[in-house]
Amino acid sequence: MKFDTPATANPIDQLKVVGQPVNRIDGLLKTTGTAPYAYERHDVAPHAAYGFVVGAAIARGRIRSIDLAEARRAPGVLAIVTAQSAGQLGQGKMNTAPLLAGPQVDHYHQAVALVVAETFEQARAAAQQVRVDYERAPGRYDLAAAKDGATQPEDINGDAPDTSVGAFGGAFAAAPVQVDASYTTPDQSHAMMEPHATVAAWQGDALTVWTSNQMIAWGRRELAATLGIPKDKVRLVSPFIGGGFGGKLFLRADALLAALGARAAKRPVKVALQRPLMINNTTHRPATIQRVRIGADAHGTIQAIGHECWSGDLPGGKADSAVDQTRRLYAGANRMTATRLAELHLPEANSMRAPGEATGHMALEIAMDELAEKLGMDPVELRIRNDTQVVPDTTGEKRPKGATGERPVKPFSQRQLVECLRLGAERFGWNERSARPAQRRDGRWWVGMGVASAYRGAPVMKSAARVRLDGQGRITVETDMTDIGTGSYTIIAQTAAEMMGVPLARVAVRLGDSDFPVSSGSGGQWGAASATSGVYAACVKLREAVAGKLGLDPAAARFADGQVVADGRSRPLADAARDAELAAEDGIEFGVLEQQTQQSTFGAHFVEVGVDAFTGEVRVRRMLAVCAAGRILNPKSARSQVIGAMTMGVGGALMEELAVDTRLGFFVNHDLAGYEVPVHADIPHQDVVFLDEPDPRASPMKAKGVGELGICGVSAAIANAVHNATGVRVRDYPVTLDKLIGSLPPVA
């Protein structure tokens, strides 16, 4: 099915099941510990051996030699895999560095060997006996030091790295009110609960991996390419994932080494990356240095806005797209963005929840707060005054093939940013905020409020599904879509139930298997709208087959309460499959409407903090998010997504920071003892409000994503609240007490 015209009235609009806050259908499995996660697949590999990964002890250089003699003699050892014994390996196009080092080492904790043994303890003990002789090479590990040598990348997610509209330089210089400030964000870890883990088994020349991966089709393709075997010889299974946040988008060392270990040991092998390797071996959010310049007239109308970003990655890596939201969030006739990429030899940088926008908002939304302060204007009113219903900058966007001439003005398909800000201000009690900082005390706490806008694109991807009807009137949906804790099982079941007119209990959903039709996968906030649209398309085809089987007019058929009604006749749905199961497979393809309008999601975050007047400790007291993100398919799971994102925003604002050893090139705090993330005691009650916003140009579901919008702007709202509480402006994240304590107001 091609989605090339806006959606009209369709069965989803009934909202009998879709749009309802139903509980997760997979909740019982997860709460009882019976959901089968990758490392626990004893059912498929009951006698699996254990692999333990040896990570490189240098950040850059070569392996002179590896002595495996002592490790081979260790009890229980079955096989040891190195680059030399693995033979010629390819490299997936989504991996910046090879997943198995040798002889070259590209980053610290890059895998150099896998020890396979009968038990985990034996494998771990033997891995300590692997002796690696390294030749260390110099490397660059400090973004600030490498900043001046940074270069322009080829593109930013397919768009131009630099954009320019009007005459930014002159307009900024002439603006009566100016902000020109630099901001820094640190390297951050995904820190998901479930480690990267895989069980691998060969049957002849065919490989099956039960793994933790967000994108089944990508992982299958990349693993086949790396092993040099046909894609149809690889099956990838990932029905449950214990968190990903972008860190499991791509093939990682656990899957490759489990496959190599199973081949070497001639039996199934399971591998889980230990926490230090999850942080140093896999991907992370890169640090940024950002400069934001905004010039406005005395009434707060933006005349010039510029945003520059520097980030770093391994050779061949990608830059952080922190400037992206600045191209679309606020009006302004004169504008520029620029992105530069420094070559660093730290572990690979890549996508983490709301890549680009999460870091970009951390700078832009403080700059907007600073501008409001200089203007003597309310920060909410400043944002509202600079709203726009058309994209203010399309200069760097990809264009359809053959397009010529000037770029047309591009409207947003839906944009309710002003409504989010106004409703949020009313709900939060924004009128109680003091415009002057350091005016409100509650005992030993300075109290302040902060606000930030939120923007995130609403991308969609081609997605397919298979839907089956049996003789009992039960529906089964099969698609390789994944559920990373986001509620995919439930919204897919809701979609099928609504389309086929059956109760939710009559729908079974099977996900995360490369034997199923290829879906969008989970990531980038594209999963919900894309995957449910693929199920919608398959259900449309199944409805046609059912109506034909029952001798009813497919165009007139109505599916409800287990019945199919048309032309005054009613037949049980199950009758269509009395003789044999009916199945239909189809997918959704997007394209044209994305080029005509900008499809995005918007929101507003409001935060109240307390700052200890004596120690500078920051405590978040209240949080509110107002989101406009298309039709909300399940308000309960959508709220869960937003409050989880808000919690990550608290971490980004106040505590999350990978400490870089700039001499040796690794992240020092590579465990959950040293890398701090928010815990329950750090998070107060969080309110989430969704605006009514079905968007017929987004998908046949009229839905968008919301899981990444919820983090955009949160950290800046907290930093702005800290400034309102204390008068101290912190531009370098995280906002820790050492950056506050020397400048706190005097304690009366």
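Quick caveat: nothing in here was measured; it's all calculated off a predicted structure.

## Digging into helix α12 (residues 417–428)
Between its first and last C-alpha, α12 extends 16 Å over twelve residues, near the 16 Å set by a 1.5 Å rise per residue. All of the buried residues in α12 are L417, V418, C420, L421, G424, A425 and F428. Viewed end-on, α12 has its buried residues packed into an arc of 160 degrees, placing them on one side of the element. Turned more than 90 degrees away from the buried face of α12, the exposed residues are R422, E426 and R427.

## Examining the pairing of strand β14 (residues 302–313)
In terms of burial, β14 is a largely internal element, eleven of the twelve residues being buried. The hairpin turn running from strand β13 (residues 288–296) into β14, its antiparallel successor, is five residues long, and G300 in that turn takes a positive phi close to 90 degrees. Strand direction decides the pairing type here: β14 and strand β15 (residues 334–343), joined by ten bridges, are parallel. What sits directly across from D313, in β15, is E343.

## Thoughts on unusual backbone geometry
If a residue is not glycine, its phi is most likely negative; likewise, a peptide bond is most likely trans. A cis geometry characterises the amide bond from G102 onward to P103, with omega recorded as -10 degrees. Within the secondary structure layout, P103 lies in the loop between α3 (83–86) and β4 (104–105). The linkage connecting Y733 with the following residue, P734, adopts the cis geometry, with an omega of -5 degrees. Along the chain, P734 turns up in the segment after α17 (714–726). Here A438, not a glycine, exhibits a phi torsion of approximately 60 degrees, which is positive. Among the structural elements, A438 can be located in the loop between α12 and β16 (441–442).

## Regarding the nonpolar core
Ranked by size, the top nonpolar core spans 92 residues in total, and within it V609 and I718 carry the most contacts. Element by element, the count of residues in this core is highest for helix α10 (residues 357–375), at ten residues. A496, L504, V546 and L550 belong to the second largest nonpolar core, which has 47 residues in total.

## Here we look at the UniProt feature "domain: Aldehyde oxidase/xanthine dehydrogenase a/b hammerhead" (unreviewed entry) in the protein chain
Under the feature "domain: Aldehyde oxidase/xanthine dehydrogenase a/b hammerhead" (unreviewed entry), the UniProt entry names residues 32–138. Annotated as 16% helix and 33% strand, the span residues 32–138 places its first and last C-alpha atoms 50 Å apart.

Conventions and cut-offs
The written sequence of each chain sets the order in which its residues are numbered from 1. Only residues with pLDDT of 70 or above have their local features reported here, since the model is predicted, and side-chain atom pairs are shown and tallied only from 80 upward, although totals for entire chains, interfaces and linings are computed over all residues. In computing side-chain values, all of the structure's heavy atoms are included and hydrogens and water are not. Put simply, DSSP H or I for four residues or longer makes a helix, DSSP E for two residues or longer makes a strand, and each gets a number counted from the N terminus. In a helix, the anticipated span is given by 1.5 Å times the number of residues less one. Only protein chains enter the accessibility calculation, which uses a 1.4 Å probe. A residue is then buried if its area is under 20% of the maximum for its type, exposed if over 50%, and partly exposed in between. Working note: the arc is built from the helix axis to C-beta atom directions. By this definition, two strands are paired if DSSP reports at least two bridges between them. Residues grouped as a nonpolar core are buried Ala, Val, Leu, Ile, Met, Phe, Trp, Tyr and Cys residues, joined through side-chain atoms within 4.5 Å. UniProt positions are given in the numbering used here, feature names are shortened, and annotations may be inferred rather than shown by experiment.

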